[in-house]
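Letter by letter, the chains look like this.
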Amino acid sequence: MPFNGQVLLYRMENIPPVLLASMVFMIFNGGGDFYMKIAIGSDHAAFPLKNNLVSHLRKKGYEEILDVGTDTDSLPCDYPDIALKVGELVAQRKADRGVLLCGTGVGMSIAANKMPGVYAAHCHDVETARMSRRHNNSNVLTMGARILSPETAVEILDAWLSTEFEGDRHSRRLSKIADFEQKICPSCCLSDKGKTVIFDHPLVQHKVSIIRDKNTSVKEFRELVQEIAGLMVYEITRNLPLVKIQVETPLALTDAYALEGKKLAIVPVLRAGLGMVDGILQLVPNAKVGHIGLYRDPETLMPVEYYCKLPGDISERDILILDPMLATGGSASAAISLVKARGGKKVSLVCIIAAPEGVSKVHGDHPDVDIFAAALDSHLNDHGYIVPGLGDAGDRLFGTK
């Protein structure tokens, strides 16, 4: 699909998670019934109700139920912990729907709705539950064990699960919510298709303005490119999974969090991509580094590989391809193809300045690849330079002409 030249925060053909979920949550199984994966959780106050609802769902034929806890009503627990677990499963499409229960249901609703991609509806009656599906495409239901009888909760749950989203004008309204989610947290937008994320953080925009200036020195240009790359990857890695660990401080043993072990690889496209490497390694020092070298054939104008060295376990890693300038997109697309040909699966492209032509080329060739950029400029000139751009990034990084 041709890029229309507008400054977008993501590809418009991407379907927001809440809308896509309504399209794919049901498939037929061998018995002819609809299949749905449901995540459910409660705090201690709603633990008995959760058990009742889980038992009811199993009797109704829902075989895949993800119970995230809590596991007892004898010990207090914090409802945000449960709400965010269920919310994450739904937002990442590891569950089709979520059910959250606490004393009133209010706390669960507040907490779950902090998760981009979660649309939690707090319901006290059957009609509200149905309308939350028809008009709002809610993907999480919250209820209060102290407010509802078990029988009423079952009726609400059944109505909510059996009601479909009507779409039409409601899709347009939900898209506005998804647009805002994308604006406030670009990297939180979860999609099976690649998206284009433009970082509008003030620090990033300030530093981009300086590197655009033709009077910026090589030293300052190089330092700023590293800083911009680091700031961008700080946001790109927002969704890295964590595991709870125990750490002994000088005063006590306490719970803490560590990266779950997600493997990263950064692959600069020579030569300009090298300028982004150190800024990223300062944040992710354990990332492995590959290199790709390409030149443009003077006859065909097509990119030609002259060097490619990647980590041996590239297929197991999330890969960030680095190229400061996304102009025509030919080199970036070729680099992505090289990585995929050598086993790379989860690939993203990180650039500082992008042109609409390059974005269109990369997404046309690789619709599964996310593009992260600090700025999306107007167009390419007759010589293939981005306008207004910043000139030749490689020359400005290394002081060459």
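Calculation criteria
- Residues numbered from 1 in each chain as written.
- Predicted model: local features only at pLDDT ≥ 70, side-chain atom pairs only at ≥ 80, totals over all residues.
- Heavy atoms only, no water.
- Helix = DSSP H or I, 4+ residues; strand = E, 2+ residues; numbered from the N terminus.
- Buried < 20%, exposed > 50% of the residue type's maximum accessible area, 1.4 Å probe, protein only.
- Contact = heavy atoms within 4.5 Å.
- Areas by Shrake-Rupley, 256 points an atom, 1.4 Å probe, with all protein chains shown as cover.
- Salt bridge = Lys/Arg side-chain N within 4 Å of Asp/Glu carboxyl O.
- Expected span 1.5 Å × (residues − 1).
- Core = buried A, V, L, I, M, F, W, Y, C linked by side-chain atoms within 4.5 Å.
- Patch = residues over 30% accessible without salt bridge, like charges linked within 9 Å, V, L, I, M, F, W, Y side chains within 5 Å.
- Pairing = 2+ DSSP bridges.

Draft legend 1. The overall build of the protein, seen in detail. Scanning the protein for helices and strands turns up 13 helices and 22 strands. Each of the 401 residues in the protein was classed as buried or not, and the buried ones make up 47%. Partitioning the intrachain contacts of the protein with sequence separation of at least 6 by distance along the chain shows that 66% fall at a separation of at least 24. A total of about 19,800 Å² of accessible surface is found on the protein, and carbon and sulfur atoms cover 53% of it.

Draft legend 2. Just the pattern of salt bridges, in detail. In the structure shown here, the tally under the stated rule is 15 salt bridges. In this structure, lysine 288 engages aspartate 313 in a salt bridge whose closest nitrogen and oxygen atoms are separated by 3.8 Å. Taken together, the residues span a long stretch of sequence, with lysine 288 in strand E12 (residues 288-289) and aspartate 313 in the loop between strand E14 (303-309) and strand E15 (318-322) at a distance of 25 residues. On the accessibility criterion, lysine 288 (37% relative accessible area) is partly exposed. Through salt bridges with shared partners, one network takes in Lys263, Lys288, Asp313, Glu316 and Arg317.

Draft legend 3. Structural detail: helix H2 (residues 47-59). Over its 13 residues, H2 runs 19 Å from end to end, which matches the ideal 18 Å to within 8%, given 1.5 Å per residue. The positive-phi residue at the C-terminal boundary of H2 is glycine 61, with phi of around 105 degrees.

Draft legend 4. Region of the structure containing the nonpolar core. Formed by 37 residues in total, the largest nonpolar core has its most connected members in Ile228, Leu322, Ile352 and Ile353. Of all the secondary structure elements, the ones that give two or more residues to this core are helix H8 (202-212), helix H9 (218-236), strand E11 (264-270), helix H10 (277-281), E15 and helix H13 (393-398). Broken down by element, the residue count for this core peaks at eight residues, all from H9. Filtering out sequence-adjacent residues up to four positions away, isoleucine 353 remains in contact with Val208, Arg212, Pro324, Met325, Leu326, Ala375, Asp377, Ile386, Gly389 and Leu390.

Draft legend 5. View of a nonpolar patch on the surface. On the surface, a nonpolar cluster with roughly 360 Å² of combined accessible area is contributed by Leu242, Tyr257 and Leu259. Within the secondary structure, leucine 259 is located in strand E10 (residues 253-259).

Draft legend 6. The arrangement of the sheet that holds strand E16 (residues 325-326) in detail. Taken in spatial order, the three strands line up as E16-E18-E20 in an open sheet, and their pairing is parallel. Two strands close off the open sheet at either side, each with one partner strand: E16 and strand E20 (375-376). Note: E16 against strand E18 (residues 353-354), two bridges, orientation parallel. For leucine 326, the partnering residue across the bridge sits in E18 and is alanine 354.

Read these as layout, nothing more, since geometry by itself doesn't imply function.
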